[in-house]
Amino acid sequence: TLTPTLFPYTTLFRSHLQLELTEKKSSMVEYGCYEFVISDDGMGMTPEYVERIFEPFSRAEDSRISKIEGTGLGMAIALNIARKMSGDIHVESKVNEGSKFTVTVYLKKQDREMPDTGRLLALPVLVVDDDRLACEAACAVLDDIGMRSEWVLGGREAVTRVVRAHEEAEDFFAVILDWKMPDMDGLETARQIRRAVGDDVPIIILSAYDWSSVETEARQAGVNGFISKPLFKSRLVYLLKQLADDEAAEDDVPDGADAEQDFSGRRILLVEDNEINREIAEEVIGDFGVTVETAVDGKQAVDKFLEMGAWYYDLIFMDVQMPVMNGYEATKAIRASGQEDAVEIPIVAMTANAFAEDVTASRKAGMSEHITKPLDIGQLKACMGYWLDKNKRRKK
């Protein structure tokens, strides 16, 4: 906790602000929970106004501030930002006594272990986006990783550049395509690249939009992976490393051999209320060599987790929409149980919803990752490989 700081400020009124910052216990793996308390001894607000302070274009009706410019959007924007960071804002105020704003946000910890990027060094990547600033920003991230980046501003130019590199036997390690582009969008560009050079070049779709509605079409167009805007280094490294590992596995495995990862000896708890979905997921996950145990709702999952004891399960796949106790509630109960591995065990949300608010809700509940249904084998394999390896190192 930081020592509260007092400092005067001058407006139409004389008052003091006090700022206090406290790190709270976090229910989210690899995220810290931080509480900012900002209080003053100023004019305060009426209870009626406090109730609608977050409404857009809302301003208190007070002659003392009527001449101060403002649209009444500040608090609505602030609350939206806090909630996008899985947090919230709470307001307390009394007229002529002052106000207190408590802001809670979850921030990604920067000291977490990053994947080894040695295999990515000097590999060429092409970035395709109609926004020059977006291209430059993505290339800056790639260059920071140690890769060789270049960019073009459209799909047609991208196809030409990929074909030329292929003809010169200098294929790109990967092509990152913006989804929404004029003239030729990301999916059509992917199709053109596949027709021109085949399957040799991995293609990644980059988008600020929800792509679940076109994922099937994108896979058919030859897209290997998806990543969301804004582009964060950790996400990009994780995805590129998976592509590099997949390529290495293909090179190392003789023709006809099984290149699938083997997770023998690992134990997974699958939580799914739909019998058919549960049987399919159990079969798919079990093909990786793990032992799969199941639960039909969140309460049964919590009971099994506690009954079997610490470090029994290596990973939990948790459906979100379930009777008795949903996935969010079950995850919160596990994280708060106090069992030795309660905070460490990876809990991965499985849901048909892939909107930003669903991802935020799963993280706020304490889930480690969010994957969509129907299960994509490549995404499932990458997810299991990452979290089972990470949890194995934690248990040591």
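None of these values were measured; they are calculated from a predicted model.

Novice: Break down the overall build of the protein for me, with residues and values.
Specialist: Within the protein, the secondary structure is distributed over 12 helices and 15 strands. Taking all 396 residues of the protein together, the buried fraction comes to 44%. In the protein, the proportion of contacts linking residues at least 24 apart, taken out of those at least 6 apart, comes to 62%. As displayed, the protein offers around 21,000 Å² of accessible surface, 50% of which is attributable to carbon and sulfur atoms.

Novice: Provide a residue-level description of the pairing of strand β6 (residues 124-128), including the pertinent values.
Specialist: Among the five residues that make up β6, five are buried, leaving the element largely enclosed by the rest of the structure. Alternating residues of β6 divide into Pro-124, Leu-126 and Val-128 and Val-125 and Val-127, and every residue in both groups is buried. Relative to strand β7 (residues 148-152), β6 runs parallel, the two sharing five bridges. In the sheet register, Val-125 faces β7, and the bridge partner there is Ser-149. Between the parallel elements β6 and β7, the chain passes through helix α3 (residues 132-145) in a crossover that is right-handed. Note: β6 against strand β8 (residues 174-178), four bridges, orientation parallel.

Novice: Hey, could you go over the packing of helix α9 (residues 298-308) against helix α10 (residues 327-335) for me, with residue numbers and the actual values?
Specialist: What describes two packed helices is the angle between their axes and the distance between those same axes. Put simply, α9 and α10 touch, their axes get as near as 8 Å, and they point 20° apart. With respect to α10, the axis of α9 lies roughly parallel. Two packed elements cross with a definite hand, and for α9 against α10 that hand is right-handed. Contact residues: α9 offers Gly-298, Val-302 and Phe-305, while α10 offers Ala-330, Ala-333 and Ile-334.

Here is what the cut-offs are and how they apply
Residues numbered from 1 in each chain as written. Predicted model: local features only at pLDDT ≥ 70, side-chain atom pairs only at ≥ 80, totals over all residues. Heavy atoms only, no water. Helix = DSSP H or I, 4+ residues; strand = E, 2+ residues; numbered from the N terminus. Buried < 20%, exposed > 50% of the residue type's maximum accessible area, 1.4 Å probe, protein only. Contact = heavy atoms within 4.5 Å. Areas by Shrake-Rupley, 256 points an atom, 1.4 Å probe, with all protein chains shown as cover. Pairing = 2+ DSSP bridges. Right-handed = clockwise from strand over helix to strand, strands pointing away. Axes fitted to C-alpha atoms, helices over the stretch in contact; angles between N-to-C directions. Parallel < 35°, antiparallel > 145°, perpendicular 65-115°, else oblique. Left-handed = near helix turned anticlockwise from the far one by under 90°.

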